[in-house]
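Okay, here's what each chain looks like letter by letter:
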Amino acid sequence: MSGTFARETVMRAWLRAAARCECKRTTHGHSGRCNRLLVWSNRGRDSSSGWEADSRDNRSDTSLSNCEILCWECHSHIFNSISSRSSTRSASAHRI
Ligand SMILES: [Zn+2]
Ligand SMILES: [Zn+2]
């Protein structure tokens, strides 16, 4: 789960992100970076300006470079795709 980053790391990532979603995933419908404007006090909230600090890849890496500021929508996208992938295992048998 999230929340493994130190508060200082999250604050630095937040400043780096300029209070905007850093997501660049191509499967979310936003072109390029998401850039949704976020509100600091809405961390962990399911709202249009809600957000969470997620790991880019390695969940055990709590450094600033692995900390990604994501709006709630992108954060949910990633968690939904993880859970739906495991429930549709038969489809993944056909992957290259
Ligand atoms: Zn986003
Ligand atoms: Zn996204």
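Attention in this report is confined to the structure presented alongside it. This is a predicted model, so every value here is computed, not measured.

## Quick notes on the overall build of the protein chain
Regarding its fold elements, the protein chain presents three helices and two strands. Taken from N to C terminus, the helices and strands of the protein chain fall in the order α-β-β-α-α. Taking all 96 residues of the protein chain together, 23% fall into the buried category. By sequence separation, contacts in the protein chain at least 24 residues apart represent 48% of the contacts at least 6 residues apart.

## Looking at the pairing of strand β2 (residues 67–71)
When you tally the buried positions in β2, you get five out of five residues, the bulk of the element. Residues of β2 alternate between two faces, with Cys67, Ile69 and Cys71 on one and Glu68 and Leu70 on the opposite face, all of them buried. Bridging between strand β1 (residues 51–55) and β2 involves five bridges; their strand directions are antiparallel. Residue pairing across strands places Trp51 opposite Cys71, the latter belonging to β2.

## Remarks on the nonpolar core
Across soluble globular proteins, nonpolar side chains show a tendency to be buried alongside one another. Grouped together as the largest cluster of nonpolar side chains are 15 residues, with contacts concentrated most on Cys21, Trp51, Ile69, Leu70, Cys71 and Cys74. Mapped onto this core, the elements with two or more residues apiece are α1 (7–17), β1, β2 and α2 (72–87). In terms of residue count, β2 provides more of this core than any other element does, four residues in total. For Trp51, the contacting residues outside a window of four places in its chain are Cys21, Leu38, Asn42, Arg43, Ile69, Leu70, Cys71 and Trp72.

What counts and what doesn't
Residues numbered from 1 in each chain as written. Chains lettered and ligands numbered in written order. Predicted model: local features only at pLDDT ≥ 70, side-chain atom pairs only at ≥ 80, totals over all residues. Helix = DSSP H or I, 4+ residues; strand = E, 2+ residues; numbered from the N terminus. Buried ≥ 20, exposed ≤ 12 C-beta atoms within 10 Å, placed from the backbone. Contact = placed C-beta atoms within 7 Å. Pairing = 2+ DSSP bridges. Core = buried A, V, L, I, M, F, W, Y, C linked by C-beta atoms within 7 Å.

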